[in-house]
Amino acid sequence: MAAVSDRLPAFPWDKLEPYKATAAAHADGIVDLSVGTPVDPVPQLIRRALIDAADSPSYPTVWGTVALRDAITGWVRGRLGASAAGHRNVLPVVGSKELVAWLPTQLGLGAGDKVAYPRLAYPTYEVGARLCGAEAVVYDDPTGLDPAGVKLLWLNSPSNPTGKVLAKEELVRIVAWAREHGILLFSDECYLELGWEAEPVSVLHDDVCGGSYEGIVAVHSLSKRSNLAGYRAAFVAGDADVLGELLEIRKHGGMMTPAPVQAATVAALGDDTHVEEQRERYAARRAALRTALEAHGFRVEHSEASLYLWVTRDEPCWDTVAHLAGLGILVAPGDFYGEAGARFVRVAFTATDERVEAAVKRLG
């Protein structure tokens, strides 16, 4: 049996272990700003919804409950500006990473097909291409790609790792180009509600797509906005034909969001207060870390949205990782996200107020 893992790159986070050990040896303990996992409590109204739905002995459906689809379509219309969205335009998924990794396989892609994604990008786009045997290609501007053979185009705005936001005009241009060449466009918008110096816009916005979702799908997650990374709550929205095909495939694969998580998602999407409260926490941590990093000699680039600061001291990223580990601070090396990140590090501000304060003190 051929090992499927042989198709995949080395799992990058394993390379951080020695630096994590160095940071953990600091007298005041590690400040882990590497992975970007939420650390704040799950809001009470979401926990209550999960608990109230805990008696769920029957199988859930892949498409989700009517209440879930109502909640997703309502949020997509109101928050994303996709006024024509209906139930056929939405599909819950078991966390967005699962969707990203297995989407090319579920689309039937393989040898001879190309999956395109940004030059600096979340590594799972490449993993998804490799899993199905497709060719992974990177771009600076997708409209500069040779469209021949490109079957799937990934956008990521706001970007992980850089925090860069694509302007509405750019999205209009890219959507038009993808449609002209018959290329399916998936837009990873999981950080859309975390804009700081820019207002991110969805590809599903009426002004971007013209009110038609043909050939475009947006990916959204509740992990960051609602502290639900542990719940694996996410969904996709857009082209009804594409989502209908994915629904049939996922039915056969048993890719079902657990019923209590569906109920929790309904509660999360119906409440804006907890989202704004979490934004305020992140804004304060972001401001404190940015000021401290700049005073320490770092330059911040992009970072106008998302949960990360993309910073450099104009040196190899692993030298920066080692330097900060010596201060008890763990960050992600930029080359995890592509060769273009070789002189940057990604600094998450998903740490408690106490740990952020400790990092600021050490950087000072």
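Some words on the overall build of the protein chain
What the protein chain contains, in helices and strands, is twelve helices and 13 strands. By the compact-globule yardstick of 21 Å for 364 residues, the protein chain fits well, its C-alpha radius of gyration being 20 Å. Put simply, the protein chain has 364 residues, and 54% of those count as buried. A fraction of 75% describes how many contacts in the protein chain between residues 6 or more apart in sequence connect residues 24 or more apart. Side chains of the protein chain carry 35 positive and 47 negative charges; the gap between the two charge centres is 2 Å.

Points about the pairing of strand 4 (residues 135–139)
Across a regular strand the side chains alternate sides, sitting on one face of the sheet and then on the other. Two elements, strand 3 (residues 114–118) and strand 4, share five bridges in a ladder whose sense is parallel. Within strand 4, the position partnered with Pro 118 by the bridge is Tyr 139. In this fold, the crossover linking strand 3 to strand 4 by way of helix 5 (residues 124–132) has right-handed handedness.

A look at the sheet that holds strand 13 (residues 345–348)
Strand order in the open sheet formed by four strands is 9-10-13-12, with antiparallel pairing between adjacent strands. Edge strands, defined here as strands with exactly one partner in the open sheet, are strand 9 (299–301) and strand 12 (332–333). Pairing geometry for strand 9 and strand 10 (residues 308–312), over three bridges, is antiparallel. Note on strand 10: the bridge partner recorded for Glu 301 is Trp 310. Packing against the sheet, helix 10 (residues 273–295) makes contact with strand 9, strand 10 and strand 13, and its axis sits at approximately 5° to strand 10.

Scoring rules and cut-offs
Residues numbered from 1 in each chain as written. Predicted model: local features only at pLDDT ≥ 70, side-chain atom pairs only at ≥ 80, totals over all residues. Heavy atoms only, no water. Helix = DSSP H or I, 4+ residues; strand = E, 2+ residues; numbered from the N terminus. Rg over C-alpha atoms; globule rule 2.2 N^0.38 Å. Buried < 20%, exposed > 50% of the residue type's maximum accessible area, 1.4 Å probe, protein only. Contact = heavy atoms within 4.5 Å. Lys, Arg positive; Asp, Glu negative; His and termini not counted. Charge placed at Lys NZ, Arg CZ, Asp CG, Glu CD. Pairing = 2+ DSSP bridges. Right-handed = clockwise from strand over helix to strand, strands pointing away. Axes fitted to C-alpha atoms, helices over the stretch in contact; angles between N-to-C directions.

Note that every value here comes from positions in space, so none of it alone points to a role or purpose.
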